[in-house]
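A structural walkthrough
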Amino acid sequence: MSITNVSSEVIGSVWKVEMKVGDAVKTGDIIMILESMKMEIPVEAPADGTLSELKVKPEDSVDEDQVLCTIES
Amino acid sequence: MSELEESETLDGRLTQLRALEERARQMGGKEKLARREAAGVMNARSRIDALLDPGTFSENGLLGVSTVFDEDRDKTPADGKVAGFGLIEDRMVGVVSNDFTVKGASSSMTNMKKIGHIKRTATDRGFPLIFLGESSGARMPDNMGSEGMGTMLGNDPHQYARERETPWVSAVLGQCFGSSAWYSCLADFTVMRKGGVLAVASPALASLAIGQTVDPEDLGGWKLHSEETGMVDRVVETDEEALVEIRKFLSYMPSHNGETPPVADVPAGSDEAAANIPQILPDSRKRGYDVRKIINCVVDQESFFEFKPRFGRAAVTGLARLDGGVVGVVANNPIAKAGALDVAGCEKVTRFLVMCDSFNIPIIMLVDTPGFVIGIEGEKKKAPGKIINFMTALQMCTVPKLSVIMRKSYGQAYLNMGGGRNSDSVAAWPTAEVSFMDPRYATDVVTWGRNASDAEKEAIREDMERNSTYLGLAQIFAAQSVIAPQDTRRYLIEELKIQHLRRSRGIGRHKLANWPTTF
């Protein structure tokens, strides 16, 4: 079993979260959408597994490289 | 050396020579080598063995030692820098591998002659030069005092002149101060192992000089150089990985600037991947995406070799192959800063353009940018200078330049990304959107500082909202072609054939070849 951290590529805020803890995810699934520079930035699952932790919620500010959620495989 | 004088026969001298050679190969001794091995770090010679094709290393200067102080003759095998020539994928390269177990691979009278010889030969005979960096700086006390300085340092007016006649590669494989730092800055490609340090001077000296404890990672660690300075192109975990990266980088490069890069076979599936682009490109113009996915659909499969992935992320740069031939890809990445180019992005692209132009590598630009990042932070970092450096570099590139406007292309960035005749040919996707700035901003700009009524503003906004689509570009021939996204690969392959530098057999004019390396 391994844990994959999913990090933000950008400074911005969380617009909406599309999944909940416990959901099965496949590589490329959109877990949440951030907002930065008036753009929607989808956050995609980098691995197959289960969404094990969500570290942010809508409207939270996020930094570049901040861990947003984890996937357990 | 008394043994040499005592031996009168050829056999005797040969026996002695073998013994001296064997001793030089022991480097700084078993204990130091064992400590490195236990730490999982390779030594100067094992690095060369892993880097080159097996059995191809021809060493120069094996018996070189320090002669400044007599007592150092026996303590300086190969004088701390292992140097010579060998093959990588059957092509000649020159190598200097720093041996930190011998006086910290410090620069000295003899080993600087060794570096000079390898560098001169590689340049004159036309093959790449590889520095495996791990050195402490100038040797002391050899360099101390006015006589030390006058004798030891420099004495070579061409030592740090970089004219990009052949590709240079540097690896930061430990502490890199002095020459290892300088050559890393001069190289076309620098790979760094985590744990390495690239800085002007050691943390110890920096601590002494400023009276503060300096953390090596803060001073010159991989995070600093891969994210803040951009002086390192790729970061790896181990020495072995660094050597693999060097071989991979060189697979894209010609041996010298009078050659075109080597052509490779096209992997299966390369022509099919472009069909996936419409699924990657979001329907909404407000939705970001990772442009690297699109690059991977356009170029030959598994061929994209990205430079500085963690630095200036709004721009993506990397070498790749298109129908087997090498190209340099410059793209905006809407997943970072909406693709808006900042100072770091400009520096990253400029340096990449300089390298491509110097080594006859055609440039492909994939455009989706709302413009340059504006604001105080950028101005403090000389944003206007960085933007115009990028622009000047692009205009001075004499290799073929192709630009594909995928989505947004605004303002000055339209020119920097190849619009307005700043590339040899522009293609637009039907999703292209080109203007000077967003109409809402334009309205605010022209009504700034006066009380314009809402009605007046609305009228101005309508004036500003001129046709921003691909059709405008096509009708005035600002785009030479309009293509479907899934035809991009085919278009680029055909257009590169048209733009091939036939008159010079693919060789550019290298007008950027002696640009500074860090600007």
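Quantities reported herein were computed from a predicted structural model and do not represent experimental measurements. (Residues numbered from 1 in each chain as written. Chains lettered and ligands numbered in written order. Predicted model: local features only at pLDDT ≥ 70, side-chain atom pairs only at ≥ 80, totals over all residues. Heavy atoms only, no water.)

A few points about the overall build of chain A
Quick note on the threshold: For the purposes of this entry, the term helix denotes a DSSP run of H or I that reaches at least four residues, the term strand denotes a run of E that reaches at least two, and both are numbered from the N terminus. Based on C-alpha atoms, the radius of gyration is set beside the globule rule, defined as 2.2 Å times the residue count to the power 0.38. Exposure classes here rest on a 1.4 Å probe applied to the protein chains alone. A residue is buried below 20% of its type maximum, exposed above 50%, and partly exposed in between. For this analysis, residues touch if any pair of their heavy atoms sits within 4.5 Å. What sets the accessible areas is the Shrake-Rupley method with a 1.4 Å probe; for residues, cover comes only from the shown protein chains. Working convention for charge: Lys and Arg count positive, Asp and Glu count negative, and His plus the chain ends are omitted. Lysine's charge is taken at NZ, arginine's at CZ, aspartate's at CG and glutamate's at CD.
Of the regular secondary structure elements, chain A holds zero helices and eight strands. Listed N to C, the secondary structure of chain A is β-β-β-β-β-β-β-β in terms of helices and strands. Taken over the C-alpha trace, chain A has a radius of gyration of 11 Å; the compact-globule value for 73 residues is 11 Å, and the two agree within 12%. Dimensions along the principal axes, computed over C-alpha positions, put chain A at roughly 35 × 20 × 20 Å. Across the 73 residues in chain A, those meeting the buried criterion constitute 37%. A separation threshold of at least 6 residues defines the contact pool for chain A, and within that pool the share at least 24 residues apart is 56%. Summed over all atoms, the accessible surface of chain A reaches about 3,800 Å², with 48% contributed by carbon and sulfur. Each charge class in chain A can be summarised by its mean position, and for the 6 positive and 15 negative side chains these summaries are 6 Å apart.

Notes on the state of the cysteines
The criterion, for reference: The rule for a disulfide is simple: a pair of cysteine sulfur atoms within 2.5 Å.
With the rule as written, the count across this model stands at zero disulfides over all chains. Free cysteine: Cys 176 of chain B, not disulfide-bonded; nearest cysteine sulfur from Cys 185 of chain B at 10 Å.

What to know about the interface of chain A and chain B
Definition in use: Buried area: the sum, over both parts, of the accessible surface (1.4 Å probe) that disappears when the two are put together. We define a salt bridge as a contact between a side-chain nitrogen of Lys or Arg and a carboxyl oxygen of Asp or Glu at a distance within 4 Å. Pairs of N or O atoms are called polar contacts if they sit within 3.5 Å, as long as, within protein, a hydrogen donor faces a hydrogen acceptor (for residues adjacent in sequence, only side-chain-to-side-chain pairs). Gly falls in the polar group here, along with every residue not listed as nonpolar (Ala, Val, Leu, Ile, Met, Phe, Trp, Tyr, Cys, Pro) or charged (Asp, Glu, Lys, Arg).
Contacts between the two partners involve 13 residues from chain A, matched on the other side by 18 residues from chain B. Around 1,400 Å² of area is buried between chain A and chain B when both sides are counted, 47% of it from carbon and sulfur atoms. Summed over the three residues of chain A that lose the most area to chain B, namely Glu 9, Met 39 and Glu 40 of chain A, the buried surface amounts to 40% of that side. Across the salt bridge formed by Glu 9 of chain A and Arg 292 of chain B, the nearest N and O atoms sit 3.8 Å from each other. There are six residue pairs in polar contact (both at pLDDT 80 or more) connecting chain A and chain B. Ranked by residues supplied to the side of chain A that touches chain B, first place goes to strand 5 (residues 39-44) of chain A with five residues. Class assignment of the residues belonging to the side of chain A that touches chain B gives a composition of seven nonpolar, no polar and six charged.

Some remarks on the confidence of the model for chain B
Worth spelling out the cut-off: As a per-residue quantity, pLDDT reports the predictor's confidence and falls between 0 and 100.
With 99% of its residues at a pLDDT of 70 or more, chain B shows a mean pLDDT of 94. Scoring of the predicted complex yields 0.93 for pTM and 0.78 for ipTM.

Some remarks on the side chain of Lys 114 of chain B
Along the chain, the position of Lys 114 of chain B falls in helix 5 (residues 109-125). Dropping the residues within four chain positions of it, Lys 114 of chain B is found in contact with Asn 60, Gly 61, Ala 78, Lys 81 and Ala 83 of chain B.

Regarding the sheet that holds strand 4 (residues 30-36) of chain A
All names here are of chain A. Selection rule: At least two DSSP bridges between two strands are needed for those strands to be called paired.
In space, the four strands of this open sheet follow the order 5-4-2-7, with antiparallel pairing throughout. Sheet topology places strand 5 and strand 7 (61-62) at the edges, where each strand pairs with a single neighbour. Bridge analysis of strand 4 against strand 5 gives six bridges, and the strand direction is antiparallel. Note on strand 5: the bridge partner recorded for Leu 34 is Ile 41.

Focus: the pattern of salt bridges
Once their charged atoms are close, side chains differing in charge can pair, the charge on each being opposite to the other. Scanning the model with the defined rule gives 41 salt bridges over all chains in all. The salt bridge involving Arg 461 of chain B is made with Glu 458 of chain B; its shortest N-O contact spans 2.8 Å. Linking Arg 461 of chain B with Glu 458 of chain B, this pair stays in helix 19 (residues 454-464), spanning three residues, or about one helical turn. Accessibility expressed as a relative area gives 22% for Arg 461 of chain B, which makes it partly exposed. A network of salt bridges, in which partner residues are shared, links Glu 9, Glu 64 and Asp 65 of chain A together with Glu 227, Asp 290, Arg 292, Glu 306, Arg 310 and Arg 313 of chain B.

Side note on the packing of aromatic side chains
Rules: Stacked, tilted and edge-to-face are the three classes assigned to paired rings of Phe, Tyr and Trp, where Trp is represented by its six-membered ring and a pair needs centres within 6.5 Å; plane angles under 30 degrees give stacked, over 60 edge-to-face, the rest tilted. Both a distance and an angle decide whether a charge sits over a ring: NZ of Lys or CZ of Arg must be within 6 Å of the ring centre and within 35 degrees of the ring normal.
Scanning the entire structure with this criterion turns up 12 aromatic pairs over all chains. Summarising the aromatic geometry, the rings of Tyr 252 of chain B and Phe 305 of chain B are spaced 5.7 Å apart at their centres and angled 25° between planes, so their arrangement reads as stacked. Taken together, the positions of Tyr 252 of chain B in the loop between helix 11 (239-251) and helix 12 (277-280) and Phe 305 of chain B in strand 9 (residues 305-307) put the pair 53 residues apart, joining distant regions of the chain. Assigned by exposure class, Tyr 252 of chain B and Phe 305 of chain B land together as buried. Three or more aromatic residues joined by ring pairs make a cluster, and in this case those are Phe 189, Phe 249, Tyr 252, Phe 305, Phe 307 and Phe 352 of chain B. Geometry around Trp 15 of chain A places Lys 16 of chain A over its ring, the cationic atom sitting 4.4 Å from the centre. A cation sits over an aromatic face here: Arg 162 of chain B above Trp 168 of chain B, 4.1 Å from the ring centre.

Looking at empty space enclosed by the protein
Residues and elements named next belong to chain B. Let me state the cut-off plainly: A pocket, in this scheme, is an open set of points on a 1 Å grid over the protein atoms alone with protein on both sides within 12 Å along at least 5 of 7 lines, while a cavity is a set where a 1.4 Å probe fits but cannot get out; residues line either one if an atom lies within 4 Å of a point. Grid points are joined across faces, edges and corners, and a volume is the space filled by probe spheres set on the points. How far each domain reaches was decided by an automatic or database domain assignment.
What the rule picks out here adds up to three cavities of 30 Å³ or more. Volume-wise, the largest cavity comes out at about 120 Å³. What lines the largest cavity is a set of 14 residues, among which Ala 187, Asp 188, Arg 351, Phe 352 and Met 355 lie closest to the centre. For the lining of the largest cavity, the element with the most residues is helix 14 (residues 343-358), which contributes five residues. Considered class by class, the residues forming the lining of the largest cavity number six nonpolar, two polar and six charged. Split by domain, the residues of the lining of the largest cavity number at least three in each of domain 1 (2-251) and domain 2 (273-432 + 469-504). The computed volume of the second largest cavity comes to approximately 40 Å³.

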